[in-house]
Amino acid sequence: MAKDKLICNCNGTMPLDGKALARALKLGAVPNVNTELCRRHLASFEAAVKNGNDLVVACTQEAPLFAELYGEMKGSGGIQFVNIREAAGWSAEAARATPKIAALLALADLPEPEPVPVVSYQSGGSLLIIGPGAAALQWADRLSEQLAVSVLVTEGADRHELPSVRRYPVLSGKPSAVAGYLGAFEVEWEQVNPIDLDICTRCNACIHACPEQAIDFSYQIDLDKCKAHRQCVKACGAIGAVDFERKETHRSERCDMVLDLSREPLIKLPQPPQGYFAPGRDPLEQALAAQQLMKFVGEFEKPKYFEYKEKICAHGRSEITGCTRCIDVCSTRAISSELAENRVKVEPHLCMGCGGCATVCPSGAMIYAYPRVSDLGARIKTVLQVYREAGGEGACLLFHNTTDGRELIARLARRGKGLPAHVIPLEVFHIASLGLDLMLGSVALGAAQFIVLSSGLEPAEYRGALEQQMGWAQEIMAGLGLGDGRFRLIEAGNPAALEQAVWAGEKPHALTPATFNLSNEKRTTLDFAFEHLLRQAPARKEQVALSAGAPYGAVEVDRQKCTLCLACVGACPEGALIDAKDKPQLKFIERNCVQCGLCEKTCPEDAIALKPRLLLAAEATQAVVLNEDRIFACVRCGKPFANQRIIDNMLGKLGSHSMFRDPAALRRLQMCQDCRVVDLFEKGNDGTIFDTTGKG
């Protein structure tokens, strides 16, 4: 249902055409174009709120003002904000931007995505501070009144003095591992100093007893000064805090949050888990991190960003590793291998929702659930359709994130030429979620270009994955004769670089738009896209060559090596390799193959090789025979029980073994299981595995 549109030309700095927008959006009335909606024309906003309808305000700069006023007036509808100024109106081609403005406004009329399951965190406020004694104790003193603080003092040259009042636990050691997430961290370390601070009573007896003055009021022994007189051990007595022969040195602590003051962070990830702060040695960064800690006490929820279909996962079979792409690309280490179960495991508390795992997953076992591909697909289809119907041509979709990407586009509009009229910006939670299905699906729906904006801050794994996906997409388009330059990854860290990239690029023509919707099933979306693109191709193509690693391709079998043991059939997780029920045959359905390599790694005869390609002929969905053989019948009862090649191989390999010197024993290999047992009991004079030749 259409919502009331409130638009403003921002003091006349945008050439907005109310009539043209009304036609493009199929509005019942022409919207009033305000000049100062946030100031002199604020009454227009108030009147719209009183009408009680859902509102779309075409201004994001003053969203806080409008939201506050909307709340004070107790508006009964909903309210949304759309940026048409930096995205379209502030541009060197602003006069031609009406189709783009209409397309952006139309997005606000789409229904909200369906809710997804949530992931919960519970943090009671227990904080472990890790680092040099002086800094760690200083922050512990400041934070101990608000949080349940513990301190792990790390070994180092800095000397410090423990507080005279034991207000919080102080431990010492060398950290070895930090794992977990907000509310469930576990820190492990080794107790390397002879004095265990958890046991020490700080009675000072060891300090007075030490002849080398190797112990100070940090209650730790300077082992470079210590001459091993062990007077401190005697002074400590029954307390037992000083132990140079300590055997149990492994320690661990559980906490809700971690403040890591180490010079190098203990968790070295592009996206560390929530609740972990590693400001290093910079006092300002430490202060900023300490300020954030109080915000992480309580109960929190976030969407569960993924769905996982274990049944079609190509990670492993029979403890043989196949696809590891989701594990390799994940920047938070949320995904790990469970090879014994032939699957991967995703820790939802560590997942930050980048969607990179779904992008690289060849089978669609990993699905990006928030937002779903179908939801993003609806936005793409709506934008392209409204843009096209409003007279726009050659739409270029520019995908960017909601943080630095959004800010970069805003800065470009303020300082430079803005975006061209045909470049439509679309926000996504993370650019890593943009995969082959969205790329080809967008072109099939009528986008002339698919561009992704990166500020360069994303982990290298994500940029590499995007470039690889775009490479395959471009290979398919070029192979079909549909042109180059449709897919681009722009890396721009400033407005000037972005301006140069968006204004100087190629402008390919858009294809006839498809009518299908993008599906959450990746392979289904791609099948529809292939079919549509093939119809648009200048000449029909049977197949397109793809580079190594592509998720489509053939399996080639060396018939001379293959014994039709069918181990590959059992290893294939996608049903691409199948057998015949009534004859020795190995069949292959190419459209099902994801090129995971499990068949290749499982084959005991090394008879299988992968060939990446996209087969567009009808046979891609049909079972073709890769190898076949004659059926071998039992020489005793005549019942079929194996294929000829397996029997021939077995006779060739075992014919010279001492157990089969008797022709009757060799003949038994050519019998079915039942006849073999009967024959063995009838004759019973065969050798055993302990028989050898050449006894002397």
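Structure shown above.
Criteria and thresholds
Residues numbered from 1 in each chain as written. Predicted model: local features only at pLDDT ≥ 70, side-chain atom pairs only at ≥ 80, totals over all residues. Heavy atoms only, no water. Helix = DSSP H or I, 4+ residues; strand = E, 2+ residues; numbered from the N terminus. Rg over C-alpha atoms; globule rule 2.2 N^0.38 Å. Buried < 20%, exposed > 50% of the residue type's maximum accessible area, 1.4 Å probe, protein only. Contact = heavy atoms within 4.5 Å. Areas by Shrake-Rupley, 256 points an atom, 1.4 Å probe, with all protein chains shown as cover. Phe/Tyr/Trp six-rings, centres within 6.5 Å; stacked < 30°, edge-to-face > 60°. 1 Å grid on protein atoms, 1.4 Å probe; cavity = no way out; pocket = protein on both sides within 12 Å on 5 of 7 lines; lining within 4 Å. Points joined across faces, edges and corners; volume = space filled by probe spheres on them. Patch = residues over 30% accessible without salt bridge, like charges linked within 9 Å, V, L, I, M, F, W, Y side chains within 5 Å. Salt bridge = Lys/Arg side-chain N within 4 Å of Asp/Glu carboxyl O. Pairing = 2+ DSSP bridges. Axes fitted to C-alpha atoms, helices over the stretch in contact; angles between N-to-C directions. Arc of directions from axis to C-beta. Polar contact = N/O pair within 3.5 Å; in protein donor to acceptor, adjacent residues only side chain to side chain. Parallel < 35°, antiparallel > 145°, perpendicular 65-115°, else oblique. Left-handed = near helix turned anticlockwise from the far one by under 90°. Nonpolar A, V, L, I, M, F, W, Y, C, P; charged D, E, K, R; others polar.

Peer 1: Kindly report on the overall build of the protein chain, identifying the contributing residues and their values.
Peer 2: When helices and strands are counted, the protein chain shows 22 helices and 31 strands. Computed over C-alpha atoms, the radius of gyration of the protein chain comes to 34 Å, more than 25% over the 26 Å expected from 2.2 N^0.38 for 696 residues, which places it beyond the range of a compact globule. Once the C-alpha set of the protein chain is aligned to its principal axes, its extents read approximately 110 × 90 × 45 Å. Looking at the protein chain residue by residue over its 696 residues, the buried ones come to 49%. In the protein chain, 68% of the contacts between residues at least 6 apart in sequence involve partners at least 24 apart. In the structure as shown, the protein chain presents an accessible area of about 32600 Å², 50% of it carried by carbon and sulfur atoms.

Peer 1: Account for the packing of aromatic side chains, naming residues and giving values.
Peer 2: Taken as a whole, this structure holds 11 aromatic pairs when the rule is applied. Ring geometry for Tyr305 against Tyr370: centres 6.1 Å apart, planes inclined by 55 degrees, an arrangement best described as tilted. Of this pair, Tyr305 sits in the loop between strand S13 (298–303) and strand S14 (306–308) while Tyr370 sits in the loop between strand S19 (366–368) and helix H12 (373–389); the two residues are 65 residues apart in sequence, bridging distant segments of the chain. Given the relative accessible area of 38%, Tyr370 is considered partly exposed. With a centroid separation of 5.6 Å and an interplanar angle of 20 degrees, the aromatic rings of Tyr305 and Phe429 are classed as stacked.

Peer 1: Run through the side chain of Lys100, naming residues and quoting values.
Peer 2: Inspection of the secondary structure assignment puts Lys100 in helix H5 (residues 98–106). If we skip the residues at most four places from it in the chain, Lys100 touches Ala87, Ala88, Tyr387, Leu419, Pro420, Ala421, Val423, Ile424 and Pro425.

Peer 1: An account of empty space enclosed by the protein is needed here, citing residue identities and associated values.
Peer 2: Tallied over the full model, the rule gives nine cavities of 30 Å³ or more. Of the pockets and cavities examined, the largest cavity occupies roughly 140 Å³. Along the walls of the largest cavity sit 19 residues, with Cys351, Gly353, Cys354, Gly355 and Cys357 positioned nearest its centre. Mapped onto the lining of the largest cavity, the elements with two or more residues apiece are helix H11 (356–360) and S19.

Peer 1: With reference to specific residues and values, describe a nonpolar patch on the surface.
Peer 2: Together, Val677, Leu680 and Phe681 make up an exposed nonpolar region whose accessible area comes to about 330 Å². Mapped onto the elements of the fold, Phe681 is located in helix H22 (residues 673–683).

Peer 1: Would you mind going over the sheet that holds strand S28 (residues 608–615) in detail, with residue names and values included?
Peer 2: Pairing is antiparallel in the open sheet, where three strands are placed in the order S24-S28-S25. The open sheet has two edge strands with one neighbour each: strand S24 (543–545) and strand S25 (553–557). Each strand axis lies, on average, 50 degrees off the axis of its neighbour in the sheet, ignoring direction. Judged from the three bridges that link them, S24 and S28 form a sheet pairing that is antiparallel. Opposite Ala545, over in S28, you have Arg613 as the bridge partner.

Peer 1: Any details on helix H9 (residues 283–293)? Residues and values, ideally.
Peer 2: Of the positions making up H9, those classed as buried are Gln286, Ala289, Ala290 and Leu293. Taken down its axis, H9 places every buried residue within 100 degrees of arc, on the same side. Turned more than 90 degrees off the buried face of H9, the exposed positions are Leu284 and Gln291. Sitting at the head of H9, Asp282 places a side-chain oxygen 3.0 Å from the backbone nitrogen of Leu284.

Peer 1: Any chance you could break down the sheet that holds strand S23 (residues 487–491) for me, citing the residues and the numbers?
Peer 2: Within the open sheet, the four strands sit side by side as S21-S20-S22-S23. Their pairing is parallel. In this open sheet, the two edge strands, each paired with only one partner strand, are strand S21 (423–427) and S23. Between one strand and the next, the sheet's axes are offset by a mean angle of 25 degrees, whatever the strand orientation. Running at roughly 155 degrees to S23, helix H15 (residues 460–479) makes contact with strand S22 (449–454) and S23 of the sheet.

Peer 1: Give a detailed account of the packing of helix H1 (residues 18–25) against H5, specifying residues and quantitative values.
Peer 2: H5 packs onto H1 with a crossing angle of 55 degrees between their chain directions and a minimal axis gap of 9 Å. Put simply, H1 runs oblique to H5. The handedness of the crossing between H1 and H5 is right-handed. Counting all contacts with H1, which are made through Ala20, Leu21, Ala24 and Leu25, the residues of H5 involved are Thr98, Ile101, Ala102, Leu105 and Ala106. Residue composition of the contact of H1 with H5, by class: eight nonpolar, one polar and no charged.

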